[in-house]
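Summary of the model geometry
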Amino acid sequence: ESITVGELALRLKATAAEVIKKLMANGVFASINDEVDFDTASVVAMEFHAKVEKEVEVTIEEQIIDDSEDTDADLETRAPVVVVMGHVDHGKTSLLDAIRHTNVTESEAGGITQHIGAYQVNLDGRMVTFLDTPGHEAFTTMRARGAMATDIAVLVVAADDGVMPQTVEAIHHAKAAKVNIIVAINKIDKPGANPEHVMEELTKYELVPEEWGGDVPCIRVSAKQKTGIKDLLEMILLVADMKELKANPNRAAKGVVIEARLDKGRGPIATMLVQNGTLHIGDIIVAGTSVGRVRAMASASGKEIEAAAPSVPVEITGLDSVPTGGDTFNAVSDERLARQLVEQRRTAQKEELFNSRTKVTLDNLFEQMQIGDMKELQIIVKADVQGSVEAVRQSLEKLSNEEVRVNVIHGGVGAISESDVMLASASNAIIVGFNVRPDPVAEENAKRDGVDLRLYRVIYDCIQEIDSAMKGMLAPKF
Ligand code: GDP
């Protein structure tokens, strides 16, 4: 937000001397190449009977994504989006199946319902959308990526088992996301079922059942015998009514990618949940770093459809790559700019990948040196005898050249341990071992953290390999 005196003069169709004079009159002593700020430029411009306006940079996003607010008049009621969470074996999958089968008419489904990550059921003409990946991992991944797709969480608790560790986790996830919780007390058909006990346990986590004066609906169900399912759906709709869930179907679609995969014949396939607007066949869409035109669109019951309104999950083809679950998508107005936007995002993503401290390995060492990220190669040396540790340290440090310094940050006798891996991970180091092995936990952690761990029998091999890696001449491994 500044401009040089020369540029300002040019814009004011004045000479630089005239502008400098006016600046001086206002107590600002600047030469032709100096920059003045917006306010100073405004004052001077006024004296030339001109006006200065801030130049706003318009991003591609702003050009092609309609980000305007909806007015109340535009908004229509939409279906609630529901996720099912709970402890393993408490019946999440069974419940999702039971809901689906009590309400999906076989004729509509053509007998085959496909799993696309979400489905809709119809209760007396009103729709409810379920995300049908049970558990809170998908939910949390999505939330971590900034996509708030869910309105209501159904917490499944088995009546014979009660509140278990993952139940508590699910409660915390739902609360953190500020979604409404409805408890489905499942397996009430079982002899040992004790719904009151479940409710009592829930109060410890500040979930007070409605029938005890709280605000948490608890519905007794049996996913196995398909009882209570309708009550549960009715409760979901009641909570949805209270929340007054609305969207504007008459605008460009936006929403979130639920899941995506690559199909050999059809290319990238993505399940999208429309959150606002309506998605049409032929729309140009940007989803994370993917772009394309919606070629085909199918509902969760496998029916080809032309358009998808808010809260409707659809499976689409036509993207140029596979987006990531949790990516947001937008229908946009200009294909050329859409492609540019995706290019920008891909570049940004690549940079981010490098900046998020890609762990150094012998395979990417040279590349990282090239982009100027590696000034020091940190190495941890473990060996069976102290003599080897010292020998390796000296040989390795001698490999230092102008571009990169080899630095042995830790050396010791014995197996490669968990703490070696921790140190390597934190310091972006690689680990070399001579006639020693990593213990199982260390090996596991190294894999998880992407720490490069190399084992040798002969010192010469190690020196040779690291030397080659530094020169970008490491033989590829097959
Ligand atoms: P998830 O791990 O939470 O998805 O649980 P599942 O849906 O896989 O169910 C775990 C086990 O509980 C399965 O053997 C189901 O048949 C059984 N189950 C689920 N719901 C009920 C129910 O309402 N009653 C009874 N008796 N068993 C159930």
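Think of each chain on its own: its residues are numbered from 1, step by step along the sequence as written. Thresholds applied to this predicted model are a pLDDT of at least 70 for local features of residues and 80 or more for the giving and counting of side-chain atom pairs; totals over whole chains, interfaces and linings are not thresholded and use all residues. Where side-chain values are given, they derive from all heavy atoms of the structure, hydrogens and water being excluded.

Some points on the site of the ligand
Residue proximity to a molecule or strand is established when one non-hydrogen atom of the residue lies within 4 Å of it. Taken together, 15 residues lie around the ligand, and Asp-89, Lys-92, Thr-93, Ser-94 and Asp-189 are the ones closest in. With respect to the ligand, the side chain of Ser-94 contributes an N or O atom lying 2.5 Å from an oxygen atom. Residue composition of the shell around the ligand, by class: two nonpolar, seven polar and six charged. Each polar contact in these results corresponds to two N or O atoms within 3.5 Å; when the atoms are within protein, one needs to be able to donate a hydrogen and the other to accept it, and residues that are neighboring in sequence are counted only if both atoms are side-chain atoms. Note on residue classes: Ala, Val, Leu, Ile, Met, Phe, Trp, Tyr, Cys and Pro are nonpolar, Asp, Glu, Lys and Arg are charged, and everything else, Gly too, is polar.

Details of empty space enclosed by the protein
Method remark: on a 1 Å grid restricted to protein atoms, a set of points is classed as a cavity if a 1.4 Å probe fits but cannot get out and as a pocket if it is open with protein on both sides within 12 Å along at least five of seven lines; lining residues have an atom within 4 Å of a point. Grid points are joined across faces, edges and corners, and a volume is the space filled by probe spheres set on the points. Going through the model one piece at a time under the given rule, you end up with one cavity of 30 Å³ or more. Approximately 60 Å³ is the volume found for the largest cavity. Together, Ile-65, Asp-66, Arg-251, Ala-252, Ala-253, Lys-254, Asn-276, Asn-330 and Ala-331 line the largest cavity. The residue makeup of the lining of the largest cavity, split by class, is four nonpolar, two polar and three charged.

Looking at the pattern of salt bridges
Here, a salt bridge means any Lys or Arg side-chain nitrogen found within 4 Å of an Asp or Glu carboxyl oxygen. All chains considered together, the criterion is met by 24 salt bridges. One salt bridge in this structure joins Glu-343 and Arg-346, with 3.5 Å as the shortest N-O distance. With Glu-343 and Arg-346 both in helix α11 (residues 335-355) and three residues apart, the pair spans about one turn of that helix. Between buried and exposed lies partly exposed: a residue is buried under 20% and exposed over 50% of the maximum accessible area for its type, with that area taken using a 1.4 Å probe on protein chains only. You can call Glu-343 partly exposed: its relative accessible area is 44%. Among the residues examined, Arg-346 registers a relative accessible area of 24% and is labelled partly exposed. In this text, helices come from DSSP runs of H or I with a minimum length of four residues, and strands from runs of E with a minimum of two, each type numbered from the N-terminal end.

A look at the layout of surface pockets
A water-sized probe, rolled over the atoms, reveals where empty space remains. There is about 380 Å³ of room inside the largest pocket. Around the largest pocket sit 16 residues that line it, and Ile-3, Arg-11, Val-52, Glu-53 and Glu-55 are the ones nearest its centre. Where the lining of the largest pocket is concerned, the elements lending two or more residues are β1 (2-4), α1 (5-11), β2 (35-37) and α3 (38-47).

So, the confidence of the model for the chain
Every residue is assigned a pLDDT by the predictor, reflecting its confidence on a scale from 0 to 100. Scored by pLDDT, the chain has a mean of 88; 91% of the residues are at 70 or more. Long-range and interchain partners of residues 105-111, a stretch whose pLDDT sits below 50, account for six contacts in this model, where long-range means more than four residues apart. Scored by ipTM, the complex comes to 0.99, with pTM at 0.68. Contacts between residues were defined by any pair of non-hydrogen atoms, one from each residue, lying within 4.5 Å.

Regarding the pairing of strand β18 (residues 328-332)
Each regular strand displays side chains that alternate between the two surfaces of the sheet. With four of five residues buried, β18 lies mostly within the body of the structure. We treat two strands as partners when DSSP finds at least two bridges between them. Here strand β14 (residues 284-287) runs beside β18; their pairing, made up of four bridges, is antiparallel. Across the sheet, Ile-285 pairs through a bridge with Ala-331, a residue of β18.

Description of the packing of helix α2 (residues 16-25) against α3
Two numbers describe a pair of packed helices, the interaxial angle and the distance between the axes. Only the stretch in contact is used when fitting a helix axis, every axis being a line fitted to C-alpha atoms; angles between N-to-C directions are given from 0 to 180 degrees. Running from N to C, α2 and α3 point in directions that differ by 110°, and their axes come no closer than 10 Å. When the axis of α2 is compared with that of α3, the two are roughly perpendicular. The two elements α2 and α3 cross, and the hand of that crossing is right-handed. The residues of α3 that touch α2, namely those facing Val-19, Lys-22 and Leu-23, are Thr-40, Val-44 and Glu-47. Among the residues forming the contact of α2 with α3, the class breakdown is three nonpolar, one polar and two charged. Working definition: roughly parallel below 35 degrees, roughly antiparallel above 145 degrees, roughly perpendicular at 65 to 115 degrees, and oblique for all remaining angles. Handedness of a helix crossing follows the sense of rotation of the near helix relative to the far helix, less than a right angle counterclockwise being left-handed and clockwise being right-handed.

With respect to the sheet that holds strand β4 (residues 81-86)
Spatial ordering of the open sheet is given by β5-β6-β4-β7-β8-β9, a layout of six strands whose pairing is mixed. On the outer flanks of this sheet lie β5 (118-123) and β9 (218-220), each paired with one strand and no other. Neighbour-to-neighbour, the strand axes of the sheet open up by a mean angle of 30°, direction not taken into account. Looking at chain direction, strand β8 (residues 180-186) and β9 are connected through three bridges and run parallel. Among the inter-strand pairings, Ala-184 is bridged to a residue of β9, identified as Ile-219. Contacting β4, β7 (152-158) and β8, helix α8 (residues 165-176) runs over the sheet at an angle of about 170° to β7. Packed on one face of the sheet, helix α9 (residues 195-203) meets β7, β8 and β9 and runs near 160° to β9.

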